[in-house]
Amino acid sequence: MLNRAEDAVVVLKIVKNIVINPGPMTPMTPAKPHKKHKTIDAQFFKEKRVFLCAGYIADRYGHIVTAAHCVAGGEDVVSISVYLHNETKEYRATTVLVKPLLDVALLKANLPRGLPYLASTSGYQPSGTHAYAIGHPLDLFYTVTEGLVSSYMRGDHGILWLQSSTAINPGNSGGPLIDDQGSVLGVCSFILIAPWGS
């Protein structure tokens, strides 16, 4: 089950233009940004940076689900590259739909036919249901962590969030949280950190 689920998970490499504020000018601060930077104001410039996220193939037509915050930025998103499990070939993806409140986005890529894909569960899963997160935390590609469904909590705008004890870290964003049958329970979005734990 997990091996098939891993084959449906992808690596997303997102290149974005990030606004940089070099801070107050000082005698040690260059008067102009490096030539590779695009100046947008006397005190600000843009710099291209690469972000890694996870996603999963959602159907046989090349649609990929990921977290909205991975591809947020609109015109500042320069490119989205998709890499399949155990492959180095690059596929380019475009953004089809972004739902910031739900932190979910849908991408489309021209992927090979016959790839496995993951389907979502229907309805709530009871507390104690086994849950597995697949992603690329801290650049450790295709890491699987195990936990349990803890509870569901109602957030702003009536959005229902699934809480799990499964360990996730930066790089898990956009990856699937699946059950024992390989069905998607949700999309890894964020962690809550408190002084007494996370």
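Above this note sits the structure.
I will try to describe carefully the structure that is included in this document. (Residues numbered from 1 in each chain as written. Predicted model: local features only at pLDDT ≥ 70, side-chain atom pairs only at ≥ 80, totals over all residues. Heavy atoms only, no water.)

## Focus on the pattern of salt bridges
Moving on, step 1. Enumeration according to the criterion identifies two salt bridges in this entry.
Moving on, step 2. Between R49 and E47 there is a salt bridge whose closest N-O contact spans 2.9 Å.
Moving on, step 3. The partner of E90 in a salt bridge is R92, with the nearest N and O atoms 3.0 Å apart.
Moving on, step 4. R92 sits in the exposed class, given a relative accessible area of 54%. (Salt bridge = Lys/Arg side-chain N within 4 Å of Asp/Glu carboxyl O. Buried < 20%, exposed > 50% of the residue type's maximum accessible area, 1.4 Å probe, protein only.)

## Topic: the environment of P126
Moving on, step 1. For P126, the location among the structural elements is in the loop between β7 (104-109) and β8 (130-135).
Moving on, step 2. Judged by its relative accessible area of 54%, P126 falls in the exposed class.
Moving on, step 3. Remark: the alpha-carbon pair of P126 and S150, spanning 24 residues in sequence, is separated by 8.3 Å. (Helix = DSSP H or I, 4+ residues; strand = E, 2+ residues; numbered from the N terminus.)

## A word on the pairing of strand β6 (residues 91-99)
Moving on, step 1. Bridging between strand β5 (residues 77-83) and β6 involves two bridges; their strand directions are antiparallel. Directly across from V82, in β6, lies its bridge partner Y91.
Moving on, step 2. Counting the residues in the hairpin turn of β6 and β7 gives four residues, including D103, whose phi is positive at 55°. (Pairing = 2+ DSSP bridges.)

## Let's talk about the state of the cysteines
Moving on, step 1. In this structure the tally under the stated criterion is one disulfide.
Moving on, step 2. Between the sulfur of C53 and that of C70 lies a disulfide, 2.3 Å long from S to S. Between C53 and C70 the disulfide shows an S-S torsion of about -95°. By sign, it is left-handed. Placement of C53 in strand β3 (residues 45-57) and of C70 in helix α2 (residues 68-71) is noted, with a sequence separation of 17 residues between them.
Moving on, step 3. According to the relative accessible area criterion, C70 is buried, its value standing at 2%. (Disulfide = S-S within 2.5 Å.)

## Structural notes on the nonpolar core
Moving on, step 1. Counting 20 residues, the largest nonpolar core has L12, I14, I80, V82 and L111 as the members making the most contacts within it.
Moving on, step 2. At the level of secondary structure, the elements contributing two or more residues to this core comprise β1 (9-20), β3, α2, β5, β6 and β7.
Moving on, step 3. A8, V11, L118 and Y132 belong to the second largest nonpolar core, which has 13 residues in total. (Core = buried A, V, L, I, M, F, W, Y, C linked by side-chain atoms within 4.5 Å.)

## Topic: the packing of aromatic side chains
Moving on, step 1. Taken as a whole and judged by the stated rule, the model has zero aromatic pairs.
Moving on, step 2. It is K16 that lies over the ring of F51; its NZ or CZ is 5.4 Å from the centre. (Phe/Tyr/Trp six-rings, centres within 6.5 Å; stacked < 30°, edge-to-face > 60°. Lys NZ or Arg CZ within 6 Å of the ring centre and 35° of its normal.)

## Quick notes on the environment of G55
Moving on, step 1. Relative to the assigned elements, G55 resides in strand β3.
Moving on, step 2. Each C-alpha atom of the pair G55 and V11 lies 6.6 Å from the other, and the pair is 44 residues apart in sequence.
Moving on, step 3. Every residue in contact with G55, bar those within four places of it in the chain, is listed here: A8, V9, V10, L12, I64, V65, T66, G174 and G175. (Contact = heavy atoms within 4.5 Å.)

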